Amino acid sequence: MHIVDMRSDTVTKPSPEMRAAMASAEVGDDVFGDDPTVLELERRVAERFGHEAALFAPSGTMANQICLQVLVPPGNEVLCDGEAHIVLYEMGAAAAYGGISSRTWSPADGALDPALIGSMITPAGGFTVPTKAIAVEQTHNKAGGVILPYADLQALRGIADDAGIALHCDGARIWHASVAEGISLRTYGQLFDTLSVCLSKGLGAPVGSLVVGSAEKIARARVVRKRLGGGMRQVGILAAAGLYALEHNIDRLADDHVRAKRIAERLAPLGVVDPGRVRTNLVLLDLTKTAYDAAGLAKAAAEQGLLASPMGARKLRLITHLDLDDDGADRAADVLEGLLS
Ligand SMILES: Cc1ncc(COP(=O)(O)O)c(C=O)c1O
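Small disclaimer: the values here were computed from a predicted structure and weren't measured. (Residues numbered from 1 in each chain as written. Predicted model: local features only at pLDDT ≥ 70, side-chain atom pairs only at ≥ 80, totals over all residues. Heavy atoms only, no water.)

A.B. asks: Which residues make up the overall build of the protein chain, and what are the values?
C.D. replies: For the protein chain, the helix and strand inventory stands at 14 helices and 12 strands. Projected onto its principal axes, the C-alpha positions of the protein chain cover 55 × 55 × 35 Å. When burial is assessed residue by residue, the protein chain has 55% of its 341 residues classed as buried. Contacts in the protein chain between residues at least 24 apart in sequence constitute 74% of all its contacts with a sequence separation of at least 6. As presented, the protein chain carries roughly 13,700 Å² of accessible surface, and 53% of it is formed by carbon and sulfur atoms. (Helix = DSSP H or I, 4+ residues; strand = E, 2+ residues; numbered from the N terminus. Buried < 20%, exposed > 50% of the residue type's maximum accessible area, 1.4 Å probe, protein only. Contact = heavy atoms within 4.5 Å. Areas by Shrake-Rupley, 256 points an atom, 1.4 Å probe, with all protein chains shown as cover.)

A.B. asks: Go over the nonpolar core with me, naming the residues and quoting the values.
C.D. replies: Judged by nonpolar contacts, the single largest core of 51 residues is most densely connected at Ile-134 and Trp-175. Among the elements that take part in this core, helix H11 (residues 236–248) stands out by supplying seven residues, more than any other. Setting aside its immediate chain neighbours within four residues, Trp-175 contacts Phe-49, Leu-185, Val-197, Cys-198, Leu-199, Leu-203, Leu-246, Ile-250 and Leu-253. In terms of nonpolar packing, the next biggest core, distinct from the first, is built from 28 residues, Ala-264, Val-272, Leu-285 and Ala-298 among them. (Core = buried A, V, L, I, M, F, W, Y, C linked by side-chain atoms within 4.5 Å.)

A.B. asks: Tell me about the site of the ligand, residues and numbers included.
C.D. replies: Close to the ligand lie Ser-59, Gly-60, Thr-61, Asn-64, His-85, Glu-90, Glu-137, Asn-141, Asp-170, Ala-172, Arg-173 and Lys-201, which account for all nearby residues. Between Gly-60 and the ligand, the recorded distance is 2.8 Å, taken from a backbone N or O atom to an oxygen atom. A distance of 2.8 Å separates an oxygen atom of the ligand from a polar side-chain atom of Lys-201. Relative to its free-state accessible area of 390 Å², the ligand is covered by the protein chains to the extent of 81%. For the shell around the ligand, the class distribution of residues is one nonpolar, six polar and five charged. (Near = heavy atom within 4 Å. Polar contact = N/O pair within 3.5 Å; in protein donor to acceptor, adjacent residues only side chain to side chain. Nonpolar A, V, L, I, M, F, W, Y, C, P; charged D, E, K, R; others polar.)

A.B. asks: Quick one: what's the story with the side chain of Glu-90, residue by residue and with numbers?
C.D. replies: By secondary structure assignment, the location of Glu-90 is in the loop between helix H4 (85–88) and helix H5 (93–98). There is no salt bridge for the buried Glu-90, and the closest opposite charge comes from Lys-201, which lies 8.0 Å off by N-O distance. A polar contact of 2.8 Å, which involves the side chain of Glu-90, links it to the side chain of Gln-65. (Lys, Arg positive; Asp, Glu negative; His and termini not counted. Salt bridge = Lys/Arg side-chain N within 4 Å of Asp/Glu carboxyl O.)

A.B. asks: Tell me about the sheet that holds strand E11 (residues 309–310), and name the residues and values.
C.D. replies: Taken in spatial order, the three strands make up an open sheet running E9-E12-E11, and their pairing is antiparallel. The open sheet terminates on both sides in strands that have one partner only, identified here as strand E9 (282–286) and E11. Examined bridge by bridge, E9 and strand E12 (residues 315–319) share five bridges and lie antiparallel to one another. Following the sheet pairing, Leu-284 is matched in E12 by Arg-317. The sheet strands contacting helix H13 (residues 294–303) are E11 and E12, and the helix crosses E12 at an angle near 45 degrees. (Pairing = 2+ DSSP bridges. Axes fitted to C-alpha atoms, helices over the stretch in contact; angles between N-to-C directions.)

A.B. asks: Residue-level account of the packing of helix H2 (residues 36–48) against H11, with values.
C.D. replies: Describing two packed helices takes the angle between their axes plus the distance from one axis to the other. Their axes nearest at 8 Å, the elements H2 and H11 cross at an angle of 35 degrees. Handedness of the crossing formed by H2 with H11: left-handed. For the pair formed by H2 and H11, the contact residues are Thr-37, Val-38, Glu-40, Leu-41, Arg-44, Val-45 and Arg-48 on the first element and Gly-236, Ala-239, Ala-240, Gly-242, Leu-243, Leu-246 and Glu-247 on the second. For the contact of H2 with H11, a count of residues per class yields seven nonpolar, three polar and four charged. (Left-handed = near helix turned anticlockwise from the far one by under 90°.)

A.B. asks: Can you explain the pattern of salt bridges? Please cite residues and give values.
C.D. replies: Between side chains of opposite charge, a pair can form as their charged atoms come close. Tallied over the full model, the rule gives 22 salt bridges. Here Asp-29 makes a salt bridge to Arg-233, at a shortest N to O gap of 3.2 Å. Of this pair, Asp-29 sits in the loop between helix H1 (16–23) and H2 while Arg-233 is found in the loop between helix H10 (215–227) and H11, placing the two residues 204 residues apart along the sequence. Across the salt bridge formed by Arg-262 and Asp-326, the nearest N and O atoms sit 3.4 Å from each other. Placement of the pair is Arg-262 in helix H12 (residues 253–267) and Asp-326 in helix H14 (residues 326–340), with a sequence separation of 64 residues. Accessibility expressed as a relative area gives 29% for Arg-262, which makes it partly exposed. Asp-326 gets classed as partly exposed once you look at its relative accessible area, which sits at 35%.

A.B. asks: How would you summarise the packing of helix H8 (residues 174–181) against H12 if you had to cite specific residues and measurements?
C.D. replies: Interhelical geometry of H8 versus H12 gives an angle of 80 degrees and a closest axis separation of 9 Å. Here H8 lies roughly perpendicular to H12, going by the angle between them. Contact residues: H8 offers Trp-175, His-176, Val-179 and Ala-180, while H12 offers Leu-253, Ala-254 and His-257. Of the residues in the contact of H8 with H12, the class split is five nonpolar, two polar and no charged. (Parallel < 35°, antiparallel > 145°, perpendicular 65-115°, else oblique.)

A.B. asks: Lay out the domain arrangement of the protein chain with the relevant residues and their values.
C.D. replies: Reports often express the size of an interface as the amount of accessible area lost when the parts come together. The assigned domain composition of the protein chain is domain 1 (16–248) and domain 2 (252–340). Here domain 1 and domain 2 have C-alpha centroids that lie 28 Å from each other. Each partner contributes to the interface: domain 1 provides 20 residues, whereas domain 2 provides 14 residues. Across the domain 1/domain 2 interface, buried area totals approximately 1,500 Å², and carbon plus sulfur atoms make up 57% of it. On the domain 1 side of the contact with domain 2, Lys-142, Gly-144 and His-176 bury the most area, a combined 28% of that side's loss. (Domains from an automatic or database assignment. Buried area = accessible area lost by both parts, 1.4 Å probe.)

A.B. asks: How would you summarise the side chain of His-51 if you had to cite specific residues and measurements?
C.D. replies: For His-51, the location among the structural elements is in the loop between H2 and strand E2 (53–57). One polar contact links the side chain of His-51 to the main-chain carbonyl oxygen of Phe-192, over a distance of 3.2 Å. Here His-51 is in contact with Ala-46, Gly-189, Gln-190, Phe-192, Asp-193, Leu-195, Val-212, Gly-213 and Ser-214, once residues within four sequence places are set aside.

Listed below in structure tokens is the structure:
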């Protein structure tokens with residue numbers, strides 16, 4: 001049976017061209033700062049986001065955690081959405097490794113309320129946990145790939161500046177927001193003190209994220225990365241995949257967005273998704289008005305060759321990506337239409 005795998009955009013396999021770039025990469029020991037391909041990737045990513053420096057990291061989780069440890073000293077707090085990746089899916093790392101307290105605002109399908117967030121900021125005091133950073137996620141995974149509006153992010157930047165605290169972006173899929181909104185990575189980049197951006201979600205690289213920020217923050221990030229065991233050696237073979245991805249796989253994200261929208265439009269008459277909310281590569285199905293729970297629908301779909309991810313009891317997530325073509329997207333819609341009709 002032909003499998004259509006829409007569990008995540010991380011399931012893509014490196015293309016022959018990407019593998020060729022990896023095979024011919026110049027390498028050196030990156031812990032000594034000797035790997036020219038890593039240095040080139042870091043330089044180019046920093047430049048794209050309009051920051052001074054960047055640091056290659058093995059995963060999105062480590063990149064986020066490095067940023068949090070750079071911005072928030074132990075015993076201080078970060079504010080974030082209650083459905084943020086950093087609090088839901090990073091194994092409590094901020095607390096476990098950074099001594100960082102996380103306080104959340106109530107999830108509202110990814111919507112930001114800058115005034116509410118501003119009201120949560122706690123100054124230092126005799127018995128308080130001082131807020132040192134606000135973290136946002138662009139695009140917002142758990143909310144279905146929604147794009148945080150630029151104006152809200154700008155307002156949040158102003159609030160963070162007034163309070164003298166930092167603003168971090170988990171930008172695992174910030175490329176998608178940039179392509180969908182027509183807002184440059186540089187314009188987004190200027191809003192944040194640190195960003196983590198990912199090469200293996202949608203961009204088709206096998207491994208790798210980068211931390212982006214000022215030279216001073218990246219110097220500190222390098223220490224935290226080593227402490228966490230993220231210093232890698234001849235890692236230019238992976239950075240070469242990242243360079244290839246930056247060059248070839250960003251603009252084409254628009255195709256993934258069109259396919260996601262098409263699936264949503266096909267399923268909209270069944271009352272499980274509002275296509276207006278599908279702006280990037282995620283399609284989040286709300287199963288509350290159907291006979292299925294997420295696990296049940298995922299199992300039934302898998303029996304017909306479609307793989308999707310339950311995201312809570314009655315939400316099922318499908319993600320379009322580089323290795324999914326029009327036929328795959330149509331097949332996904334056929335299977336779900338058949339099961340839900
Ligand atoms: C928004 C977001 N941030 C961070 C991560 C973590 O990335 P990794 O799986 O590379 O640790 C993910 C993974 O899916 C994600 O969706």
